[in-house]
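Structural overview
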Number of protein chains: 2
Amino acid sequence: MAVTGPDANPEAQTRDLPASKERLRMWLRMLKSTRRVEAALRERLRRDFATTLPRFDVMAALARYEDGLKMSALSGVLRVSNGNVTGIVDRLAEEGLVVRVQVPGDRRASLVRLTRKGQEVFAQQARAHEAWIGELLEDFTPEEARMFSDRFDAVTHKDEEDPA
Amino acid sequence: MAVTGPDANPEAQTRDLPASKERLRMWLRMLKSTRRVEAALRERLRRDFATTLPRFDVMAALARYEDGLKMSALSGVLRVSNGNVTGIVDRLAEEGLVVRVQVPGDRRASLVRLTRKGQEVFAQQARAHEAWIGELLEDFTPEEARMFSDRFDAVTHKDEEDPA
DNA sequence: CGAATATATTTCAAGCTCAAACCTTTTTTG
DNA sequence: CAAAAAAGGTTTGAGCTTGAAATATATTCG
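Residues numbered from 1 in each chain as written. Chains lettered and ligands numbered in written order. Predicted model: local features only at pLDDT ≥ 70, side-chain atom pairs only at ≥ 80, totals over all residues. Heavy atoms only, no water.

You'll find chain A entered in an unreviewed UniProt entry as MarR family transcriptional regulator, with Pseudooceanicola nanhaiensis given as the organism.

In structure tokens, the structure reads:
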């Protein structure tokens with residue numbers, strides 16, 4: 001706990017708030033920024049590709065693991081509930097973008113994989129997505145972006161998922 | 001557009017990626033961090049207060065505007081669709097945490113306000129919330145948190161909502 | 001004034017999300 | 001081996017979310 005007491009600095013400057021207030025402020029700003037970018041992405045994915053952010057997220061995860069992912073691994077990577085992924089994969093499968101492949105030795109599990117069509121569709125979306133992010137975060141220099149990445153990583157790496 | 005060309009730096013270091021890749025990386029980290037904190041908040045709000053993040057968000061907005069907010073202003077502040085707020089306010093009203101007050105001169109609009117009970121309930125939740133954020137973001141020093149706040153603000157302030 | 005337009009909000013359908021309950025299959029262990 | 005426990009997934013119920021359509025009231029302007 002690197003939390004300094006509520007009044008570690010009695011001679012506080014005008015705008016010097018206690019640590020918890022500063023962090024709260026940061027959180028609110030961070031949340032607002034994230035929502036703004038998410039909203040823009042969602043709108044553009046809908047407009048240009050008639051898809052949604054969760055679908056994009058699932059496809060992105062599958063694109064990173066070419067051998068496919070089990071449902072549980074998928075929900076682990078995306079950090080959403082397993083019941084959640086079921087529905088999204090169902091819909092993607094209906095459209096022929098992903099397939100569920102039976103795992104040889106285990107009749108419970110199935111491996112989800114992008115179809116060829118899924119790969120092609122995702123490649124287009126990913127290109128657009130990268131460009132959109134580049135634009136939405138254009139106020140951040142590459143160096144600054146790298147610094148932010150690294151700092152966020154510290155928070156994120158407190159416990160991590162890394163499926164086979 | 002402060003976007004340098006894809007190969008502005010031909011002598012790139014090992015880990016020096018083009019701007020759009022750096023920003024993409026930053027975005028993914030930022031999203032992951034945000035989701036992690038949101039998940040923790042959601043879980044704790046449920047466990048300790050039997051409430052949800054959207055409900056907390058609505059109450060937080062109303063707490064900031066003591067004179068109440070119109071539905072449209074509320075959805076503007078929270079940056080969610082107006083149809084969305086309707087349902088959340090409905091449920092909060094059922095529990096007596098907020099009220100809809102008729103606006104004198106306009107029979108279309110109504111002002112949403114925290115009830116006394118709502119104020120009391122929210123005060124407790126807000127205290128816990130601030131402590132949770134302080135803990136979840138303990139890796140960030142107050143100075144760092146301030147810096148992040150300011151940088152995010154730049155992105156956020158591209159267009160802003162500020163209701164009466 | 002009255003028609004067109006704009007504003008405030010709700011309703012709706014579809015999809016996302018979670019936690020909990022529930023199957024089924026596998027693994028553990030008494 | 002058989003019972004118990006664990007693991008992989010799906011279903012369910014409630015709530016959140018969006019964009020679009022619907023409703024009702026206000027305002028504009030011809």
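A short note on the relation of the copies chain A and chain B
Applicable threshold: Residues reaching a pLDDT of at least 70 in both copies supply the C-alpha atoms on which the copies are superposed by least squares. A contact between two residues is defined here by any heavy atoms of the two lying within 4.5 Å.
Its rotation angle being 180°, the transformation that places chain A on chain B also includes 0.0 Å of axial translation and leaves an RMSD of 0.1 Å. Taken together, the rotation angle and the small translation identify this as a two-fold axis. Ranked by how close their C-alpha atoms come to the rotation axis, the residues of chain A are headed by Thr34(A), at 3.7 Å. Of all interface residues in chain A, 100% are interface residues in chain B too; the two copies therefore contact each other through one and the same surface.

A few points about the sheet that holds strand β1 (residues 69-70) of chain B
Residue and element names in this part refer to chain B. The condition is simple: Strands are labelled as partners when DSSP assigns at least two bridges between them. Secondary structure elements follow DSSP: runs of H or I of four or more residues count as helices, runs of E of two or more count as strands, with numbering from the N terminus. Axes, fitted as lines to C-alpha atoms, cover a helix only where it is in contact. Angles between the N-to-C directions of the axes lie from 0 to 180 degrees.
Pairing is antiparallel in the open sheet, where three strands are placed in the order β1-β3-β2. Lying at the two open borders of the sheet, with one neighbouring strand each, are β1 and β2 (98-102). For β1 and strand β3 (residues 110-114), the ladder comprises two bridges, and the chain directions are antiparallel. Looking across to β3, one finds that leucine 69 is bridged to valine 112. Against the sheet, helix α4 (residues 82-94) makes contact with β2 and β3, and its axis sits at roughly 110° relative to β2, the strand it touches most.

Quick look at the sheet that holds strand β2 (residues 98-102) of chain A
Through backbone hydrogen bonds, the strands of a sheet pair up, either in parallel or in antiparallel fashion. Residues and elements named next belong to chain A. Taking strand neighbours across the sheet as the criterion, the three strands line up as β1-β3-β2 in an open arrangement whose pairing is antiparallel. Strand pairing shows two members of the sheet lacking a second neighbour, β1 (69-70) and β2, which therefore form its edges. Sheet topology note: the β2/strand β3 (residues 110-114) ladder contains five bridges and is antiparallel. By the bridge assignment, valine 99 is partnered in β3 with arginine 113. Contacting β1, β2 and β3, helix α2 (residues 53-64) crosses the sheet at an angle of about 95° to β3.

Notes on the interface of chain A and chain B
The accessible area lost on association of the parts is a frequent measure of interface size. Using the following cut-off: We define buried area as the total accessible area lost by two parts upon association, computed with a 1.4 Å probe and summed across both. Every case where a carboxyl oxygen of Asp or Glu lies within 4 Å of a side-chain nitrogen of Lys or Arg is listed as a salt bridge. Here a polar contact means two N or O atoms within 3.5 Å. Within protein one must be a hydrogen donor candidate and the other an acceptor candidate, and residues neighboring in sequence count only if both atoms are side-chain atoms. Under this grouping Gly is polar, as are all residues other than the nonpolar Ala, Val, Leu, Ile, Met, Phe, Trp, Tyr, Cys and Pro and the charged Asp, Glu, Lys and Arg.
Every contact between the two is made by 55 residues of chain A and, on the other side, 55 residues of chain B. Taken over both partners, the interface formed by chain A and chain B buries close to 6000 Å², and the fraction arising from carbon and sulfur atoms is 56%. Of all residues in chain A, Arg23(A), Trp27(A) and Arg36(A) give up the largest surface area on contact with chain B, accounting jointly for 12% of the area buried on that side. The residue Asp153(A) makes a salt bridge to Arg29(B) at a minimum N-O spacing of 2.5 Å. Put simply, chain A and chain B have 24 residue pairs in polar contact (both at pLDDT 80 or more) between them. Broken down by element, the side of chain A that touches chain B gets its largest block of residues, 20 residues, from helix α1 (residues 19-49) of chain A. Considering only residue class, the side of chain A that touches chain B consists of 22 nonpolar, eight polar and 25 charged.

Regarding helix α2 (residues 53-64) of chain B
Residues and elements named next belong to chain B. Rule in force here: A helix is expected to reach a length of 1.5 Å times the quantity of its residues less one. The buried label goes to any residue with under 20% of its type's maximum accessible area, the exposed label to any with over 50%, and the partly exposed label to all in between, with areas taken from a 1.4 Å probe on protein chains only.
Taking 1.5 Å of rise per residue, the 12 residues of α2 would be expected to cover 16 Å, and the 16 Å separating its terminal C-alpha atoms lies within 8% of that figure. Counting buried residues in α2 gives nine out of 12 residues, a clear majority hidden from the surface. Along α2, the positions that sit buried rather than exposed are Leu53, Arg55, Phe56, Asp57, Val58, Met59, Ala60, Ala61 and Leu62. Between the side-chain oxygen of the N-cap and the backbone nitrogen of arginine 55 there are 3.3 Å, and the N-cap of α2 in question is threonine 52.

With respect to the protein's contact with DNA strand D
Convention followed: By convention in this text, a residue qualifies as near a molecule or strand provided that one of its non-hydrogen atoms is within 4 Å of it.
Taken together, 24 residues lie near DNA strand D, and Arg100(A), Arg108(A), Ser81(B), Arg91(B) and Arg107(B) sit nearest. At the protein interface, 82% of the atoms of DNA strand D within 4 Å belong to sugar or phosphate. Here a phosphate oxygen of DNA strand D sits 3.4 Å away from a polar atom, N or O, in the main chain of Met71(A). Taking Ser72(A), its main chain carries an N or O atom lying 2.9 Å from a phosphate oxygen of DNA strand D. Mapped onto the surface near DNA strand D, the elements with two or more residues apiece are α3 (71-78) and α4 (82-94) of chain A together with α2 and α4 of chain B.

Some remarks on the protein's contact with DNA strand C
Every one of the 24 residues lining DNA strand C counts as a neighbour, but Ser81(A), Arg91(A), Ser72(B), Arg100(B) and Arg108(B) are closest to it. Atoms of DNA strand C within 4 Å of the protein belong to the sugar or the phosphate in 80% of instances, the rest to bases. One of the side-chain N or O atoms of Thr52(A) is found 2.9 Å from a phosphate oxygen in DNA strand C. Sorting the residues of the surface near DNA strand C by element identifies α2 and α4 of chain A together with α3 (71-78) and α4 of chain B as the ones contributing at least two each. Looking at the surface near DNA strand C residue by residue, the class counts come to five nonpolar, nine polar and 10 charged.

Considerations on the packing of α2(B) against α3(B)
Residue and element names in this part refer to chain B. For clarity, the threshold we go by: Working definition: roughly parallel below 35 degrees, roughly antiparallel above 145 degrees, roughly perpendicular at 65 to 115 degrees, and oblique for all remaining angles. Handedness of a crossing is defined here by the sense of rotation of the near helix relative to the far one, left-handed for an anticlockwise turn of less than a right angle and right-handed for a clockwise turn.
Across the interface, α2 lies against α3 with an axial gap of 10 Å and an inter-helix angle of 110°. With respect to each other, α2 and α3 are oriented roughly perpendicular. Read as a crossing pair, α2 and α3 show a hand that is right-handed. Across the interface between the two elements, Asp57, Val58, Ala61, Leu62 and Arg64 of α2 pack against Leu74, Val77 and Leu78 of α3. For the contact of α2 with α3, the per-class residue count stands at six nonpolar, no polar and two charged.

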